[in-house]
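Single-letter residue listing:
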Amino acid sequence: MVRSLGCSSTCCFWLWCFTSLLGSTMGTPDGGNASTSTSTSARASGEGAPRAVSTDIHASYSILGMSGSSSSGSSSGASWLGAAQLPMLHASGLRGTGQVVGLGDTGVSTSSCSFADPKVQVPFDDLSTSHRKIAAYFTLHGDSQDGPSGHGTHIAGIIASEATELGVRGNGVAPAARLAVVDLELTSKPGVYNVPDDDIGSSYFDFFRNAGAATVCSPWSYPTHASLEWQIDKYVWEHPDFLPVFPSGNTFGQGSQPPHAPCGAKNILCIGASFNERETYVEQPSFVHAVLRAEDSSCASSDSNCSQEIRIVPAFFGTTAPLDLEECQAMGTICLSTQSACPECAFDASMLGGVSKTRVVEASPREGCSAMVAFPRGAVCLVYRGNCVFDTKAKMCADAGAVGVIVVNYAATDETLLVGSDSGSSALRIPVVLISKEDAVLLLASRRLVSFPLVSAGLSPAARAPYSAFGAVAGGRARPEVVFPGDNIASTASGLGCGTRYMSGTSQSCGFAAGSVALVREYLQGHADARTSRLGLPWASTMRAVVAAAAHTKDEGSTWQEEVGFGLPVLANVLPMGASAAAGSIATDLHALQSRVGGGQTQQFCFSVQAAQPPGVAPSFVLAWTDPPHSAGLLVNDLNLALACSQGGWKTRLSNGRGAAGAANTIEKGVLNDFSQSGA
C-alpha cells in the first residue's frame, strides 16, 4: 500500500510472521483462512526448547500509519475528559453516535438522568433500538438495579453519560453511545460478582454482541485464571471485530504487583489507571498527594535540578483542616492506605503554599512538648514525634513564632494521620505536616529552603496511579498496554436525580477506555478518509492499534514504559475531526490497513512521508494482531515490525524501542524520532 503525502522522504515498513508453538502442537481454531508454516521463533520456554511444527494457522493483523501526529497531550479544562482532549472531539461531532458499549458490572441505576428515557421503558432481558441510552439490560447473573456500591453506575457514566443537567464534567467519553448491560451482582449479596467464567462466551460475551456492542468493559478480575484467558482469546479469534477491555487491577495498600487475570489474554486491551489532571488535585487538595518542595536559596522556580519534592501528610488541623472533618475521618485511613485521591479530605485550596522558601530549624526541646528555647521567629519548626499530641507540638512552635511545623515520624515507619485533640487545634493558623525520618535527615543536612503544602508536580494523566498493577503476565507479555485516568473521577451516582460522586481505581480507567474505543469505531466507520482509513467493520486489532497510536508517555522519545505501556491515549492526535483538526495539534494523515499474513511470510509497505509539521513531531506506525488461543498463553504467531526511511540511509528501526526482534505482546509501535528531528 502506497500513498503520497507530499514530496519528502520514502519510508517503508516490514512485518514478518514467526509461528511459535512450544512444547506441543496445536490445531487450527475454528474460522479463518489458513496457511502452512514450519517456522519457529527462538524464544525460550519453561516447557522445553522450541521445535519446528507444521500446523494450519493464519495471522489477522492491522497496520496503522500516521504522519504529523502530536503527542503533547495538553488538556482542555480541569476534568478527566480534558485529560484526553475529548471535549475537542465532542465539539467536532465525534460523540459515539451509533455505537453500543457493553458493561458487565454491579448493574446500572437506569433512573439517573444520565440514562433515563421518560418515553421508553428500560429493556430488561430484552433489546431496544429506541431507548436513548440502554440498548439492553440483562439480569441473568444479577438483578435490575445497581448494588450499594454504585460501582456499575459510576462506570456507565464514564462511558456514556449524557445529561445536560450535569454539565461538561458529567458527560461521558462517548455521550451519544448506548449501553448494553449485563448485571453481575445481586443487591442482596453486595460485592459478589457472578461472572460465568466457565463459559464466558455464550453466557457473557454473546449477550453484548447480540445487543450490537463491539467492545465491552469488564471492571473485575481474578488473581489468576488461565482457563478464562484461553476462553477470551478463543472468543476474539472467532469474533475478530469484538474487543474486550479489562483493568490491570488495583493493588491498594499491597505495593507493586503484576496485573490480574484476565489481563494475560492476548487479544484484549488491558488498561492501567493514571492520575487525573493535576488541576483537579489543586482544586481539591488533600493529604494524599501533598508534597514539600526543598530547594537551594538560588534555585529558580522553573529549575527542577536544584529542588526536590518530599512527600508529606498534612494535618487534620491548622490551615490544612478538612472542610468536612467528619466525612474525612471516615475515609482518611482508607485513602492513606490506598494512596487514591481523597476529595472527602479536601482542605481550603487557598492554603496551598502557605509556607514559601523558608528555612527549617530543629526545635529545642526536640519533641516540642514544652516551650521552645531560642527559636528564631519566621522559621519552620521541625519537631519529633512522641511524648505529646500533635497539636501540642504545633502550638508550642506557633507560640515561638514558627510559620509552619514539620513533624518527623521518627519512631515509626508507617505513615499516620495527624489528628488534633479536642482542645486547641482549631485555633492554629499555620500548616502542620508529617515527614519520614529519612527525609528529615536530608532537610537538616542540606539546609535547604522549604515550601509547603503543595500538590505534586508529578501528577499527570500520563503517569501511573500508585495502586495500578503493572508488570509481566502469562506468556511473558507486559501489561498494561495503555493507561487512562482513573483517579478522582467524578461520574454518575446511583439513585434518582442527577447526582455525581468521586471514585478511583482501574475500573474507572476501563470505562474510559471502552468509551474511547467507541469513538475510534465511530470515526473509522463514518468520519475517516474513504481512501486511506474508512472501514465498515473495524477489527478488534485495528481499534487496539489506534488506541496505541494515540498514546504517549511522559518522557519524550520513549515509546514504551513498564508502568504505563504506550502511555496515555489522546485520540484527538490521531483522529482529525473538523474544528479539532484546525487546532493545529491533530494528525495530518491517518492510514488504516486490515490484512492477513501467513507463517514465515514477510510483507512490505511504503509511504511517501511529508516533513513533520509541526517540527519535532514524529511519524509513527502501529501493528496489532489477533492471535489464536494457546493453552499456556504463548504467542502462536509472533509478528514483528521494522521501519526504514531513505532519509536515514534505510537504517532499520525495530518497534517498541527494542534493539532486537521479538516480544510477547500483540501490539508493536514504531516511531521515527530521528525523522522528526532532522526534517525531510
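Residues numbered from 1 in each chain as written. Predicted model: local features only at pLDDT ≥ 70, side-chain atom pairs only at ≥ 80, totals over all residues. Heavy atoms only, no water.

J.: Sorry if this is basic, but what is going on with the layout of surface pockets here?
T.: If a probe as big as a water molecule is rolled over the atoms, it shows which places are left empty. The computed volume of the second largest pocket comes to approximately 300 Å³. Lining the second largest pocket are 14 residues, and of these Met-331, Ser-340, Tyr-502, Met-503 and Ser-504 sit closest to its centre. Tallying contributions element by element places helix H6 (residues 325-338) first for the lining of the second largest pocket, with five residues. The residue inventory of the lining of the second largest pocket, partitioned by class, reads eight nonpolar, three polar and three charged. (1 Å grid on protein atoms, 1.4 Å probe; cavity = no way out; pocket = protein on both sides within 12 Å on 5 of 7 lines; lining within 4 Å. Points joined across faces, edges and corners; volume = space filled by probe spheres on them. Helix = DSSP H or I, 4+ residues; strand = E, 2+ residues; numbered from the N terminus. Nonpolar A, V, L, I, M, F, W, Y, C, P; charged D, E, K, R; others polar.)

J.: Can you walk me through the confidence of the model for the protein chain in this structure?
T.: Caution applies to low-pLDDT regions: their predicted coordinates should not be interpreted in detail. Residues at a pLDDT of 70 or more form 80% of the protein chain, whose mean pLDDT is 82. Scored below 50 in pLDDT, residues 67-78 shows 44 contacts in the model against residues more than four places distant or in partner chains. (pLDDT = per-residue confidence, 0-100. Contact = heavy atoms within 4.5 Å.)

J.: Would you mind going over the side chain of Ser-92 with me for this structure?
T.: Residue position: Ser-92 is located in the loop between helix H1 (86-91) and strand S5 (100-105). Within the local environment of Ser-92, its side chain forms a polar contact with the backbone oxygen of Met-88, the two atoms lying 3.0 Å apart. Separated by 3.1 Å, the side chain of Ser-92 and the backbone oxygen of Met-577 make a polar contact. (Polar contact = N/O pair within 3.5 Å; in protein donor to acceptor, adjacent residues only side chain to side chain.)

J.: It is not clear to me how helix H9 (residues 506-527) should be interpreted in this structure. Could you clarify?
T.: Along an α-helix, a turn takes 3.6 residues, which lines up residues three or four apart on a common side. Here H9 spans 30 Å end to end across 22 residues, near enough to the 32 Å set by a 1.5 Å rise per residue. Counting buried positions over the 22 residues of H9 gives 19, a clear majority of the element. (Expected span 1.5 Å × (residues − 1). Buried < 20%, exposed > 50% of the residue type's maximum accessible area, 1.4 Å probe, protein only.)

J.: Looking at this model, I keep getting lost on the packing of aromatic side chains. Mind explaining?
T.: For any pair of aromatic rings, geometry is given as the distance between the ring centres together with the angle between the planes. For the coordinates displayed, the defined rule picks out 17 aromatic pairs. Ring plane angle 70° and centroid distance 5.5 Å describe the contact between Trp-80 and Phe-512, whose orientation is recorded as edge-to-face. Linking Trp-80 in the loop between strand S4 (59-67) and H1 with Phe-512 in helix H9, this pair joins segments that are 432 residues apart in sequence. The same class applies to Trp-80 and to Phe-512, which are both buried. Relative to Phe-316, the ring of Phe-287 has its centre 5.7 Å away and its plane inclined at 50°; by these criteria the two rings are tilted. (Phe/Tyr/Trp six-rings, centres within 6.5 Å; stacked < 30°, edge-to-face > 60°.)

J.: I would appreciate a short explanation of the state of the cysteines in the present structure.
T.: Covalent bonding between the sulfur atoms of two cysteines defines a disulfide. Applying the stated rule across the entire model yields seven disulfides. For Cys-328, the disulfide goes to Cys-345, at an S-S distance of 2.0 Å. Across the disulfide from Cys-328 to Cys-345, rotation about the S-S bond amounts to roughly 100°, and the bridge is consequently right-handed. Residue Cys-328 is found in helix H6, and its partner Cys-345 is found in the loop between H6 and strand S14 (355-358); the two are separated by 17 residues along the sequence. Taking the relative accessible area as the measure of exposure, Cys-345 reaches 2% and is therefore buried. (Disulfide = S-S within 2.5 Å.)

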